[in-house]
Amino acid sequence: MDAFPIEDVVVDAALWSDFSSDALEFEAESWSLVVDSSFCNKQEKDVIKRQDVIYELMQTELHHIQTLFIMSEVFRKGMKEELQMDHSTVDRIFPCLDELLESHKSFFYNLRERKQESREGSDRNFVINRIGDILVQQFSAENAEKMKLIYGEFCSHHIEAVNLFKELQHNKKF
């Protein structure tokens with residue numbers, strides 16, 4: 001992920017530090033480039049392919065969380081604190097942002113924990129054999145309904161948010 005000058009903005013430093021250390025773990029393009037080459041060479045082709053897909057899922061989820069975090073801690077917070085915009089206006093641009101961030105953090109933390117449990121030998125080497133339970137937990141039953149509601153709310157206000165954003169752009173301070 002490209003560097004973002006987050007140090008210029010007051011954010012939750014501990015949370016950003018967690019994301020930054022996670023980002024270092026997911027810098028490589030694929031699982032097969034993260035683990036020791038000798039460890040990778042011992043794996044069957046289908047295992048390597050599966051691990052690459054799981055790694056990409058985790059990497060994508062982390063990048064999504066970082067984007068949501070920046071929306072929250074840089075843009076939304078800046079609009080409220082620096083521009084003194086009222087909370088209802090800001091919430092019209094970023095509806096359900098906290099709920100989205102919490103949902104995705106929870107999902108990623110579950111995936112990250114499974115990765116930690118799956119380490120073999122060195123800290124670098126891991127094979128995640130079981131991930132379906134985490135996916136089912138995230139995308140079915142109560143969590144699925146919650147995600148549909150949150151994303152439904154977020155997406156249904158997109159046009160309104162864009163129009164409000166365009167209107168606010170006329171303000172030089174914004």
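Each remark here, short or long, concerns the structure printed above.
Residues numbered from 1 in each chain as written. Predicted model: local features only at pLDDT ≥ 70, side-chain atom pairs only at ≥ 80, totals over all residues. Heavy atoms only, no water.

Q: What am I meant to see in the nonpolar core here?
A: A general tendency of soluble globular proteins is for nonpolar side chains to be buried together. Of all hydrophobic cores here, the largest spans 35 residues; its most connected members are Trp31, Met58, Met79, Phe94 and Phe126. Elements represented by at least two residues in this core include exactly helix H2 (31-34), helix H3 (37-41), helix H4 (45-81), helix H5 (87-93), helix H6 (97-117) and helix H9 (158-168). Counting residues per element, this core draws most heavily on H4, which supplies 10 residues. Setting aside residues up to four positions removed in sequence, Phe94 forms contacts with Met71, Phe75, Arg76 and Met79. (Core = buried A, V, L, I, M, F, W, Y, C linked by side-chain atoms within 4.5 Å. Buried < 20%, exposed > 50% of the residue type's maximum accessible area, 1.4 Å probe, protein only. Helix = DSSP H or I, 4+ residues; strand = E, 2+ residues; numbered from the N terminus. Contact = heavy atoms within 4.5 Å.)

Q: What am I meant to see in H9 here?
A: Residues spaced three or four apart along an α-helix point in a common direction, a consequence of the helix completing one turn every 3.6 residues. For H9, every residue scored as buried is listed here: Ala161, Leu164 and Leu168. The buried residues of H9 occupy an angular sector of 65° when projected down its axis, which confines them to one face. Summarising the geometry of H9, the exposed residues directed more than 90 degrees from the buried face are Ile159 and Glu167. Buried residues along H9 sit in contact with H4 and H5. (Arc of directions from axis to C-beta.)

Q: Teacher, can you tell me more about the state of the cysteines here?
A: Note on terminology: a disulfide is the covalent bond linking the sulfur atoms of two cysteines. Overall, the coordinates contain zero disulfides when judged by the stated rule. Cysteine Cys96 remains unbridged, with the sulfur of Cys155 as its closest cysteine sulfur at 9.8 Å. (Disulfide = S-S within 2.5 Å.)

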